[in-house]
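Here are the chains, one letter per residue:
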Amino acid sequence: MSRIKTSLLACTLLAASPLFLAGGLAYAQRPTVYDPAQLPEIKGKVAQYILTPRGDVDGLILADGTEVHVPPFLSTQVVATVKPGDAVTIHGLKARAIAMVAAASVANDATGVTLTVHRPMEHHGAGAPQEASGKIKALLHEPRGEVAGAVLEDGTQVRLPPSEARRLTAQLAIGAPLTVRGEGYTGPLGHVVAARELGPDAQHLSRVAASPHDEHGMMMRGEMMKRDHMRGGPDAPPRQP
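A. Structural context of the pairing of strand β4 (residues 87–94). β4 sits mainly inside the fold: 6 of its 8 residues count as buried. Pairing of strand β1 (residues 41–51) with β4, which is carried by 5 bridges, proceeds in the antiparallel orientation. Across the sheet, G44 pairs through a bridge with V88, a residue of β4. Relative to strand β5 (residues 100–108), β4 is paired through 7 bridges, and the arrangement is antiparallel. The residue bridging V88 from the neighbouring strand is N108, located in β5. Counted between consecutive antiparallel strands, the loop separating β4 from β5 contains 5 residues.

B. Geometry of the environment of A87. By secondary structure assignment, the location of A87 is in strand β4. Each C-alpha atom of the pair A87 and K43 lies 7.4 Å from the other, and the pair is 44 residues apart in sequence. Not counting residues up to four positions away in its chain, the partners in contact with A87 are G44, K45, A107, N108, D109 and A110.

C. View of the environment of G55. Secondary-structure assignment places G55 in the loop between β1 and β2 (57–62). Measuring from C-alpha to C-alpha, the distance between G55 and V193 comes to 9.7 Å, with 138 residues separating the pair along the chain. Filtering out sequence-adjacent residues up to four positions away, G55 remains in contact with Y185 and L189.

D. Spotlight on the pairing of β2. For β2, the tally of buried residues reaches 6 of 6 residues, placing the bulk of the element in the interior. Relative to β2, β1 runs antiparallel, the two being bridged by 5 bridges. Paired with Q48 across the strands is I61, a residue of β2. Counting the residues that bridge the hairpin from β1 to β2 gives 5 residues, and of these G55 lies at a positive phi of roughly 95°. Pairing of β2 with strand β3 (residues 67–69), which is carried by 3 bridges, proceeds in the antiparallel orientation. Its bridge partner lying in β3, G59 is registered against H69. Here β2 folds back onto β3, and the loop between the two strands holds 4 residues, one of which, G65, carries a positive phi near 95°.

E. Quick peek at the nonpolar core. Membership of the largest hydrophobic core comes to 22 residues, with the highest contact counts inside it found for L60, V78, V82, I90, A103 and V106. Broken down by secondary-structure element, the contributors of at least two residues to this core are β1, β2, β4 and β5. Per element, the largest residue contribution to this core is 4 residues, and it comes from β1. With 15 residues, the next largest nonpolar core counts A150, L152, L172 and A195 among its residues.

F. Highlighting the environment of V101. The topology assignment puts V101 in strand β5. A relative accessible area of 2% places V101 in the buried class. Placed 35 residues apart in sequence, V101 and T66 show a C-alpha to C-alpha distance of 7.5 Å. If near-sequence neighbours (up to four positions away) are discounted, V101 is found in contact with I42, T66, E67, V68, H69, I90, G92, L93 and K94.

So, how was this worked out
Residues numbered from 1 in each chain as written. Predicted model: local features only at pLDDT ≥ 70, side-chain atom pairs only at ≥ 80, totals over all residues. Heavy atoms only, no water. Buried < 20%, exposed > 50% of the residue type's maximum accessible area, 1.4 Å probe, protein only. Helix = DSSP H or I, 4+ residues; strand = E, 2+ residues; numbered from the N terminus. Pairing = 2+ DSSP bridges. Contact = heavy atoms within 4.5 Å. Core = buried A, V, L, I, M, F, W, Y, C linked by side-chain atoms within 4.5 Å.

Put into structure tokens, the structure is as follows:
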């Protein structure tokens, strides 16, 4: 099959079976109508899981640094299918300029077990208070390609909204020291912190604003509006004469 025909086939699959909904997460309808094997193939070895702040797995980092994104509600199935050190075959859509894949399927090369990525569901909430320090080894991205965090040399993952990652881009350089405080998860799957404070060390931390689309962020916004209302702050309604 020619490269042009292959590209057209991929475009047809995208048009008929959305692979980038709910913030760009990849999925195929279940039961699947289309064959993920028709999409580009990526082979590699799993280095670690990508974790949400509540400890769900929503992706993989391969040994060569490639990020593989899956919806977090498939966390249990992903962990049951592949583990760090396993050789895998991924079918999905490659990012144009980043080593990143929106997965349509994840296969364990040794066992032959294949997980087909299907409809995502919303997950909200943060975890327990967390703190971490270390040098930045790699950057993490949203499925749409925006920087959304970092991986420290010890494997700890730091996650923050893309808008805040853009604002704090000078502090998110590979090799730079980073100290972070927030909420997250520590357990057998790894360590992840949703940053609420971030800086080069504990003495120079900047506040990280929560995403307005995040449930935790909306709770924080509500609390700030309540305090402003009581104090007559910028979000308070006009006082009655």
